[in-house]
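One letter stands for each residue in the lines below.
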Amino acid sequence: MLLSSKGKHRRPSKAVRVATLAGVAGAAVAVPLMGATNASAASVATWDAVAQCESGGNWSINTGNGYYGGLQFSQSSWAAAGGTQYAARADLATKDQQIATAEKLLDLQGPGAWACAGAGGLTNDGVDPGVDTGSGAKAAETKTQPERTAEQPANRSEKRAEPKAEKTVTTPTGEKVQKGDGEYKVKAGDTLSKIADAEKVKGGWEKLFKLNDDIVDDADLIFPGQQLHLK
């Protein structure tokens, strides 16, 4: 979607920065570039290739930069895709658990959620990776409570008063978020950048985010059914 800290589920990779310097238009903007489908899946080999680009293939990496694990999840994306059922952070989960969570994020945001999607050949190819998310060597670590950051959904509930049921939508993880009353209804695969481009919003995704900051806390997390103001 963008290169700001609010724009993607993770930071831009080295490959994206190189592409930007080389003048490849759109290489580091607008995520996801491809819409998600209900049959999103990719093989383990594909996820290995993406992880090799994202983290050098280190599935336990935590450098303290706010992105975790082999596929470099931000904490908000890890939680939104259901990863916290396995571990507090992606780097504390097994490789299979990270891939299972990535499958859900792929379904939610499409391949463009990863700057390394192109390097790994990531597509919604419908291939079942067949991963085993059962208890692994790191299962005991899943009980560790993560530090709350500005990205985590926990702050969302603290920030807002309890919404009325008829004014909320339910996310893929069962969380209820504000629906809003704008003229544009979010569809699966949408991002603020994609909507701003399609609807020709002056000021781009930043303006769209500002117009809807009463229901959107994190620019890279919008959900089907939310209704956004375009002006």
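In this report, the structure presented in the accompanying data block is examined.

**Details of unusual backbone geometry**
In step 1: Here Gln 72, not a glycine, exhibits a phi torsion of approximately 55°, which is positive.
In step 2: Topologically, Gln 72 is positioned in the loop between β1 (67-68) and β2 (73-74).
In step 3: Phi is positive for Lys 200, close to 55°, though the residue is something other than glycine.
In step 4: Relative to the elements of secondary structure, Lys 200 occurs in the loop between α7 (192-198) and α8 (204-211).
In step 5: Judged by its relative accessible area of 70%, Lys 200 is exposed.

**Quick notes on the nonpolar core**
In step 1: Ranked by internal contacts, the top residues of the largest apolar core, which has 24 residues, are Trp 47, Val 50, Leu 71, Phe 73, Trp 114 and Leu 122.
In step 2: At the level of secondary structure, the elements contributing two or more residues to this core comprise α2 (44-55) and α4 (95-109).
In step 3: Ranked by the residues each element gives to this core, the list is headed by α4, at four residues.
In step 4: Look past the residues within four positions of Leu 122 in its chain and what remains in contact with it is Ala 42, Thr 46, Trp 47, Val 50, Leu 106, Pro 111, Trp 114 and Ala 117.
In step 5: Membership of the second largest hydrophobic core comes to 15 residues, among which are Val 186, Ala 196, Val 201 and Leu 208.

**What about the pattern of salt bridges?**
In step 1: A complete count under the given rule lists three salt bridges for this structure.
In step 2: Salt-bridge contacts for Asp 190 lead to Lys 187; the nearest nitrogen and oxygen are separated by 3.7 Å.
In step 3: The class of Asp 190 is buried, set by a relative accessible area of 8%.
In step 4: Judged by its relative accessible area of 47%, Lys 187 is partly exposed.

**Topic: the packing of aromatic side chains**
In step 1: Applying the stated criterion to the full structure yields three aromatic pairs.
In step 2: With a centroid separation of 5.1 Å and 70° between ring planes, the pair formed by Trp 47 and Trp 114 is classed as edge-to-face. Note that Trp 47 is positioned in helix α2 and Trp 114 in the loop between α4 and α5 (117-120), a separation of 67 residues in sequence.
In step 3: Relative accessible area serves as the criterion here: at 2%, Trp 114 is assigned to the buried category.
In step 4: Aromatic side chains Phe 73 and Trp 114 sit 6.5 Å apart centroid to centroid with 85° between the ring planes, which places their arrangement in the edge-to-face category. Of the two residues, Phe 73 is situated in strand β2 and Trp 114 in the loop between α4 and α5; the sequence distance between them amounts to 41 residues. Each member of the pair, Phe 73 as well as Trp 114, is classed as buried.
In step 5: By way of ring pairs, the aromatic residues Trp 47, Phe 73, Trp 78 and Trp 114 are connected into one cluster.

Thresholds, definitions, all that
- Residues numbered from 1 in each chain as written.
- Predicted model: local features only at pLDDT ≥ 70, side-chain atom pairs only at ≥ 80, totals over all residues.
- Heavy atoms only, no water.
- Helix = DSSP H or I, 4+ residues; strand = E, 2+ residues; numbered from the N terminus.
- Buried < 20%, exposed > 50% of the residue type's maximum accessible area, 1.4 Å probe, protein only.
- Core = buried A, V, L, I, M, F, W, Y, C linked by side-chain atoms within 4.5 Å.
- Contact = heavy atoms within 4.5 Å.
- Salt bridge = Lys/Arg side-chain N within 4 Å of Asp/Glu carboxyl O.
- Phe/Tyr/Trp six-rings, centres within 6.5 Å; stacked < 30°, edge-to-face > 60°.

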